[in-house]
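The lines below spell out each chain.
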Amino acid sequence: MIDHTTLITYILIVLGFVFIPGPATLLTMARAASSVTRVGIATGAGIAAGDVVHTTMAIVGLSAIIATSALLFSVVKYAGAGFLIYLGILGIRAMLDKTPIEVNGGAPAISAARAFRQAVLTEVLNPKTALFFLAFLPQFVRPEHGSTTLQLALFGAVFVLLGRLSTVVFAVGAGRLGNLLRRHPAVVKWQGKVVGTIYCAVGVRLALQER
């Protein structure tokens, strides 16, 4: 069993991580603001699913391979960066489309299911997240507390749940703000460009990251 002090310390640190705006938060908020709240929530769910994959990778040691293989790290990094930039370009092109904009009503720019799938790929293809789980989780593992695998799984699950909580909070806030902003044609006109730029910026940032 993990002692309460270690668990509480871990939870407090993770809360600090997940509620400080980062790439995952920006993507969630961008989706919620540009579409509807449920799309932002679906994006957050996809990020959480990606974190489950990274937790599993950390447990089985695949993250260690990424950490020690420069080639594999680069392949994963550039694949993730390319995917984000691709999403950004799609958003910018949609803004440049001459199709008339409907301010009131209309379907979301993207379905919740598609947003979920894209978020899973975005998170899984981020090697920095893999390295984060590999470096962060073991710091709280104590052999005297029992199975290392179970401890890693528990810490990973706590991280995923708290991360999921944060993305829901940000998605709801951004979704409500987006509903207000979409009442103004000028805001709607520029919204696609802003969202696309966020995706491109995060993609470029990922591409420039070093191991």
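Residues numbered from 1 in each chain as written. Predicted model: local features only at pLDDT ≥ 70, side-chain atom pairs only at ≥ 80, totals over all residues. Heavy atoms only, no water.

1. Some thoughts on the overall build of the chain
So, step 1. Across its full length, the chain holds nine helices and zero strands.
So, step 2. What you see in the chain, going N to C, is helices and strands ordered as α-α-α-α-α-α-α-α-α.
So, step 3. Counting all 211 residues of the chain, 42% fall into the buried class.
So, step 4. Excluding contacts between residues fewer than 6 apart, the proportion of contacts in the chain whose partners are at least 24 apart in sequence is 85%.
So, step 5. Entry remark: accessible area of the chain is about 10900 Å², with carbon and sulfur atoms responsible for 70%. (Helix = DSSP H or I, 4+ residues; strand = E, 2+ residues; numbered from the N terminus. Buried < 20%, exposed > 50% of the residue type's maximum accessible area, 1.4 Å probe, protein only. Contact = heavy atoms within 4.5 Å. Areas by Shrake-Rupley, 256 points an atom, 1.4 Å probe, with all protein chains shown as cover.)

2. Notes on the environment of Ala157
So, step 1. Tracing the backbone through its elements, the reader meets Ala157 in helix 8 (residues 148-181).
So, step 2. The exposure class assigned to Ala157 is partly exposed, which follows from its relative accessible area of 33%.
So, step 3. Between the C-alpha atoms of Ala157 and Val52, which are 105 residues apart in sequence, the distance is 7.5 Å.

3. Description of the side chain of Thr28
So, step 1. Looking at the element boundaries, Thr28 is found in helix 2 (residues 23-34).
So, step 2. Relative accessible area serves as the criterion here: at 0%, Thr28 is assigned to the buried category.

4. Description of helix 3 (residues 37-60)
So, step 1. Counted at 1.5 Å a residue, the expected span for helix 3 with its 24 residues is 34 Å, and the 35 Å between its end C-alpha atoms agrees.
So, step 2. At the exit of helix 3 stands Gly61, carrying a positive phi of roughly 95°. (Expected span 1.5 Å × (residues − 1).)

5. Examining a nonpolar patch on the surface
So, step 1. A contiguous nonpolar patch, built from Phe19, Leu165 and Val169 and spanning about 240 Å² of accessible area, is present on the exposed surface.
So, step 2. Structurally, the position occupied by Phe19 is in the loop between helix 1 (4-18) and helix 2. (Patch = residues over 30% accessible without salt bridge, like charges linked within 9 Å, V, L, I, M, F, W, Y side chains within 5 Å. Salt bridge = Lys/Arg side-chain N within 4 Å of Asp/Glu carboxyl O.)

6. Describing the side chain of Thr122
So, step 1. If you trace the backbone, Thr122 turns up in helix 6 (residues 112-124).
So, step 2. Polar side-chain contacts of Thr122 include one of 2.8 Å to the backbone oxygen of Gln118. (Polar contact = N/O pair within 3.5 Å; in protein donor to acceptor, adjacent residues only side chain to side chain.)

7. Some details on the packing of aromatic side chains
So, step 1. Summed over the entire model, instances satisfying the criterion amount to five aromatic pairs.
So, step 2. Here the aromatic rings of Phe19 and Phe170 are separated by 6.1 Å at their centres, their planes lie at 45°, and the arrangement is tilted. Residue Phe19 is located in the loop between helix 1 and helix 2, and its partner Phe170 is located in helix 8; the two are separated by 151 residues in the primary sequence.
So, step 3. Pairing Phe140 with Phe155 gives two aromatic rings, centres 5.9 Å apart and planes at 55°, and the pair type is tilted. (Phe/Tyr/Trp six-rings, centres within 6.5 Å; stacked < 30°, edge-to-face > 60°.)

8. Overview of the nonpolar core
So, step 1. Counting residues in each nonpolar core, the largest one holds 15 residues, and the members touching the most others are Tyr10, Val14, Phe136, Leu137, Phe155 and Phe159.
So, step 2. Elements that contribute at least two residues to this core include exactly helix 1, helix 7 (127-136) and helix 8.
So, step 3. With five residues, helix 8 is the single largest residue contributor to this core. (Core = buried A, V, L, I, M, F, W, Y, C linked by side-chain atoms within 4.5 Å.)

9. Things to note about the packing of helix 3 against helix 7
So, step 1. Running from amino to carboxyl end, helix 3 crosses helix 7 at an angle of 50°, the nearest separation of the two axes being 9 Å. In terms of orientation, helix 3 and helix 7 fall into the oblique class. Here the hand of the crossing between helix 3 and helix 7 comes out right-handed. Contacts from Asp51, His54, Thr55 and Ala58 of helix 3 reach helix 7 at Thr129, Ala130, Phe133 and Leu134.
So, step 2. Across the contact of helix 3 with helix 7, the residue classes tally to four nonpolar, three polar and one charged. (Axes fitted to C-alpha atoms, helices over the stretch in contact; angles between N-to-C directions. Parallel < 35°, antiparallel > 145°, perpendicular 65-115°, else oblique. Left-handed = near helix turned anticlockwise from the far one by under 90°. Nonpolar A, V, L, I, M, F, W, Y, C, P; charged D, E, K, R; others polar.)

10. A word on the environment of Val158
So, step 1. Along the chain, Val158 falls in helix 8.
So, step 2. On the basis of relative accessible area, Val158 is assigned to the buried category, the value being 15%.
So, step 3. Taking the C-alpha atoms as reference points, Val158 and Ile11, separated by 147 residues in sequence, lie 7.4 Å from one another.
So, step 4. Residues in contact with Val158, not counting those within four places in the same chain, are Tyr10 and Ile11.

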